[in-house]
Amino acid sequence: MLTFTIRRLVLAVPTLLFISLVIFGLLQLAPGDPMAQVPLTVPPEVKQKMREALGLGDAWYIQYWKWIVQFFWVEPQVFLDYVFGTNFSEGKLRVLSWQTRSPVMEIVVQRLPQTLWVVGTAYVVAVLIALPIGVYSAYRQYSVFDNVGTFVSMIGFSVPPFFSGVLVIVIFSVNLGWFPSIYDTTHRVVDWDSFVVQLQQMIMPVMVLALQITAQIARFMRASMLDNLNQDYVRTARAKGLGERVVVLSHVLRNSMIPVVTVIALGIPQIFGGAIITEQVFKVNGIGQLLITAIQANDLPMVQTLTFIFAVLIVLFNLIADVLYGILDPRIRYD
Amino acid sequence: MTDEPQSHIEPGPGEAQASDVLDAPLPTTPPRSQWAEVWRQFRHHKGAMAGGIVFVLIVLGVFVGPLFWHVEATYIDIRARNQGPSLAHPFGTDQLGRDMLARMMAGGQVSMSVGMTAMLLALFLGSLIGVLAGYFKALDNLLMRTTDLFLALPLLPLLLVMVLLFREPLNASFGPETGIFILIVVAIGVTSWMPTARIVRGDVLALKEREFVLAARSIGTTNTKMIARHILPNVVSPIVVSATLGIANAIITESALSFLGLGFPPDFPTWGRLLFDAVDYMQQNPERVIMPGLAISLTVLSVNYLGDGLRDALDPRIRGR
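As the structure is a prediction and not an experimental result, all values here were calculated from the model.

Thresholds applied
- Residues numbered from 1 in each chain as written.
- Chains lettered and ligands numbered in written order.
- Predicted model: local features only at pLDDT ≥ 70, side-chain atom pairs only at ≥ 80, totals over all residues.
- Heavy atoms only, no water.
- Helix = DSSP H or I, 4+ residues; strand = E, 2+ residues; numbered from the N terminus.
- 1 Å grid on protein atoms, 1.4 Å probe; cavity = no way out; pocket = protein on both sides within 12 Å on 5 of 7 lines; lining within 4 Å.
- Points joined across faces, edges and corners; volume = space filled by probe spheres on them.
- Nonpolar A, V, L, I, M, F, W, Y, C, P; charged D, E, K, R; others polar.
- Salt bridge = Lys/Arg side-chain N within 4 Å of Asp/Glu carboxyl O.
- Buried < 20%, exposed > 50% of the residue type's maximum accessible area, 1.4 Å probe, protein only.
- Polar contact = N/O pair within 3.5 Å; in protein donor to acceptor, adjacent residues only side chain to side chain.
- Contact = heavy atoms within 4.5 Å.
- Expected span 1.5 Å × (residues − 1).
- Bend = angle between axes of the 7 residues up to and from the residue.
- Axes fitted to C-alpha atoms, helices over the stretch in contact; angles between N-to-C directions.
- Parallel < 35°, antiparallel > 145°, perpendicular 65-115°, else oblique.
- Left-handed = near helix turned anticlockwise from the far one by under 90°.

J.: Break down the environment of Ile 231 of chain B for me, citing the residues and quoting the values.
T.: Mapped onto the elements, Ile 231 of chain B comes out in helix 11 (residues 223–231). Along the chain, Ile 231 of chain B and Leu 207 of chain B lie 24 residues apart, while their C-alpha atoms are 7.1 Å from each other.

J.: Talk me through the layout of surface pockets; I want residue IDs and the actual numbers.
T.: Residues and elements named next belong to chain A. In this structure, the second largest pocket spans a volume of roughly 790 Å³. Around the second largest pocket, the lining is made up of 24 residues, and of these Glu 75, Phe 79, Met 105, Val 109 and Ile 309 lie nearest the centre. Residue assignment for the lining of the second largest pocket shows that the elements contributing at least two residues are helix 3 (60–84), helix 4 (104–139) and helix 11 (300–328). Class assignment for the residues of the lining of the second largest pocket results in 21 nonpolar, no polar and three charged.

J.: Would you mind going over the pattern of salt bridges in detail, with residue names and values included?
T.: Side-chain pairing between opposite charges can occur once the charged atoms of the two side chains come close. All names here are of chain B. The final tally for this structure, using the stated rule, is nine salt bridges over all chains. Between Arg 198 and Asp 148 there is a salt bridge, and its shortest N-O distance comes to 2.6 Å. Of this pair, Arg 198 sits in helix 9 (residues 194–208) while Asp 148 sits in helix 6 (residues 137–152), placing them 50 residues apart in sequence.

J.: Would you mind going over the side chain of Asp 146 of chain A in detail, with residue names and values included?
T.: Residue and element names in this part refer to chain A. For Asp 146, the location among the structural elements is in helix 5 (residues 144–158). Owing to a relative accessible area of 1%, Asp 146 belongs among the buried residues under this scheme. A polar atom in the side chain of Asp 146 sits 2.8 Å from the side chain of Arg 222. With sequence-adjacent residues up to four places away left out, Asp 146 is seen in contact with Ser 137, Arg 140, Gln 141 and Arg 222.

J.: Residues and numbers for helix 3 of chain A, please.
T.: Residue and element names in this part refer to chain A. Between the first and last C-alpha of helix 3 there are 35 Å, a value that for 25 residues agrees with the 36 Å anticipated at 1.5 Å per step. The sharpest bend along helix 3 measures roughly 35° and falls at Gln 70. Listing the buried residues of helix 3 in full gives Gln 63, Tyr 64, Trp 67, Ile 68, Gln 70, Phe 71, Val 74, Glu 75, Gln 77, Val 78 and Asp 81. On its buried face, helix 3 sits against helix 1 (2–28), helix 4 and helix 11. Gly 85 sits one or two positions beyond helix 3 and adopts a positive phi of about 70°.

J.: Please set out the packing of helix 1 of chain A against helix 7 (residues 155–174) of chain B residue by residue, giving values where relevant.
T.: Look at helix 1 of chain A against helix 7 of chain B: their axes get within 10 Å of each other, and the N-to-C directions meet at 25°. Looking at the two axes, helix 1 of chain A sits roughly parallel to helix 7 of chain B. Two packed elements cross with a definite hand, and for helix 1 of chain A against helix 7 of chain B that hand is left-handed. Where helix 1 of chain A abuts helix 7 of chain B, its residues Ile 23, Leu 26 and Leu 27 of chain A lie against Leu 158, Val 161, Met 162, Leu 165 and Phe 166 of chain B. The class makeup of the residues in the contact of helix 1 of chain A with helix 7 of chain B is eight nonpolar, no polar and no charged.

None of the figures reported here should be taken as evidence of function without further support.
Here it is as structure tokens:
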């Protein structure tokens, strides 16, 4: 198991390097000019100097190498400095955003809590709802509950977040006026009243995100339970005289959870991707919104870094899912 | 010699039943083909039938509807702006007085065409790579690592970047509408072939070990003929199922791009674009948000149910239940 994990980790490095190269190559083709905003009165030779200061005069492989060094060498040093108060990174150039001329990672760190808070809550809520639904609809297959559950999860699959989001805004903020349609990230929770406000503004984005995730996980849980319910060990357990509760909840559920846990792990990076749209709908200024504004403003270092962070998340959670599968299911041996 | 017919044979006692069989009336109905069986199974799936009917109705409404509804989708009648449903405008009008029914039909045509073309492209790429990887052992490792790599790419951000980068050059060479159509179809197709490739490869790997492939090879069938005649017809069912999922995926992706403002130009309606434009007028005219959203959701829902039914119908282990 350990050798497998190490092998996968080693293999992840070239994968990630290749992905970063693909993203970098794509962005190299970008038509935008970061100097477009500079006034026309600035003479061209000064503009050229400014371009070179941003590192734009070099050949593409040198720019790529500089980005690699900044992202993998300088940024961890900055992190170490921040945690331990050392000064490894003094005077070293970090990945700079063209929009704000400040380090990209600082902006990312500012935006991360909003995304994590909304997306994380949605994911936890969705998993907590999905698992019992999946278990019960598999146990009572083709019952009314199962059919309704299947229909609802089909809807959860099919309704895109940019519609369900707008729809709940129309219903709950425009018509009923219960919840605010805009997520206010400057809101601080200090007492009970402000906590209620925070709760109110979180309900709609969490609901929209959770609907999608619940649909996927509940369907998967149901299928996995159905696979196990007809197996011989279940009949044996019943023949031994175990109660239904023990048979279903401890024997069948534990075996069915193995693939479901990996699916839950695999879904986490996709949620960050899907949250781009939900954040846009509810005006949450998280990572997704940052990416959209960076794309629209032609801020290439920001786009490069953010896209790469998404890729790292995907590769990392793929790895976690594989390792989890091996740990949870002793029949699986990778070596 | 034996060529003169033997006029009469006395059947022994044990052969009486055999001659009865010969005398029995010939079966009048031909044996059912595979597709008749699939259709029979498919009809039993209520959700799939409903989904299929709804999907056909939407396609007909969108492509045949304009023959009966002659209002131009881009005709601006500023005096009749923001109207509710009436006889002249059954779906009302938008903020520039354009007829919403005509816009919904025009938008549906674009969304459907994008969905189907992108699905065909993804299916073609996926089947090609899947068959090549499954059939030729030398290519397997390379192609599957490529597939894994594509699966690890963050797709939505990359799609956004691709649209941003290539919009201008393609607009310049093909015109704003064709250019963005090509761009979006190619972008969606190139980023969604991976699941098909994986499924097809798995099936091809299993098929390759079967006796009929060995038999075909032993009579000297070439690789091209083998794939076209023996492998491809046997992997049609996973391809058909992923086709339905592909349409749903492509329609949602296109609408998401339009919704983020990186899709088709503003005067060129698609369902996603209509939804995006209507968000600003959500308080006054909520129905303008709901109509395109409902159209997208209904299409995707019907296609998903269709795919579900097809999967069951094409699986011979479930058939006949």
